Amino acid sequence: MKKNRYLLCLLLCGFMLYFAVPRLSLHAEGIEGAFSIVWLAFALIVMSGNLTGILYSPKKTVQKIQSQKLKKKSRSFH
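Being a predicted model, the structure only gives us computed values, none of them experimental. (Residues numbered from 1 in each chain as written. Predicted model: local features only at pLDDT ≥ 70, side-chain atom pairs only at ≥ 80, totals over all residues. Heavy atoms only, no water.)

Student: Would you explain the packing of aromatic side chains in this entry?
Tutor: The relation between two aromatic rings is expressed through the spacing of the ring centres and the mutual angle of the planes. Summed over all chains, the structure comprises two aromatic pairs. Each ring, one from Phe15 and one from Phe19, has its centre 4.9 Å from the other, and the planes form 75°; the classification is edge-to-face. Here Phe19 and Phe15 lie together in helix α1 (residues 2-20), a separation of four residues that amounts to about one turn. Note on Tyr18 and Phe19: the rings are 5.2 Å apart at their centroids and 80° apart in plane angle, and the pair reads as edge-to-face. According to the relative accessible area criterion, Phe19 is partly exposed, its value standing at 39%. Here a set of aromatic residues connected by ring pairs shows up, and it is made of Phe15, Tyr18 and Phe19. (Phe/Tyr/Trp six-rings, centres within 6.5 Å; stacked < 30°, edge-to-face > 60°. Helix = DSSP H or I, 4+ residues; strand = E, 2+ residues; numbered from the N terminus. Buried < 20%, exposed > 50% of the residue type's maximum accessible area, 1.4 Å probe, protein only.)

Student: What is the right way to look at the packing of α1 against helix α2 (residues 31-55) in this model?
Tutor: For any two helices packed against each other, the geometry comes down to the angle between their axes and how far apart the axes lie. Running from amino to carboxyl end, α1 crosses α2 at an angle of 155°, the nearest separation of the two axes being 9 Å. In terms of orientation, α1 and α2 fall into the roughly antiparallel class. Here the hand of the crossing between α1 and α2 comes out left-handed. Taken together, the residues of α2 that come into contact with α1 (itself represented by Lys3, Tyr6, Leu7, Cys9, Leu10, Cys13, Met16, Leu17 and Ala20) are Trp39, Leu40, Ala43, Val46, Met47, Asn50, Leu51, Gly53 and Ile54. Split into classes, the residues belonging to the contact of α1 with α2 amount to 15 nonpolar, two polar and one charged. (Axes fitted to C-alpha atoms, helices over the stretch in contact; angles between N-to-C directions. Parallel < 35°, antiparallel > 145°, perpendicular 65-115°, else oblique. Left-handed = near helix turned anticlockwise from the far one by under 90°. Contact = heavy atoms within 4.5 Å. Nonpolar A, V, L, I, M, F, W, Y, C, P; charged D, E, K, R; others polar.)

Read these as geometric descriptors, not functional statements.
Structure follows, in structure tokens:
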């Protein structure tokens, strides 16, 4: 379930970058240039965080699921 959220956030960040990068001027002087650089830095941090969440999330083990199924099936009727 978390992987879906990470993927959605990654896609939304990419969508925002797609529209924002042509409008941002990195070579501008003053506060406009600083805003552009900081905005891009935050966007890259968000993208890297979501990508890290997707790649390093713990995997579900098949063994746990199988042991839970066996516990449910093993009933004794005396």
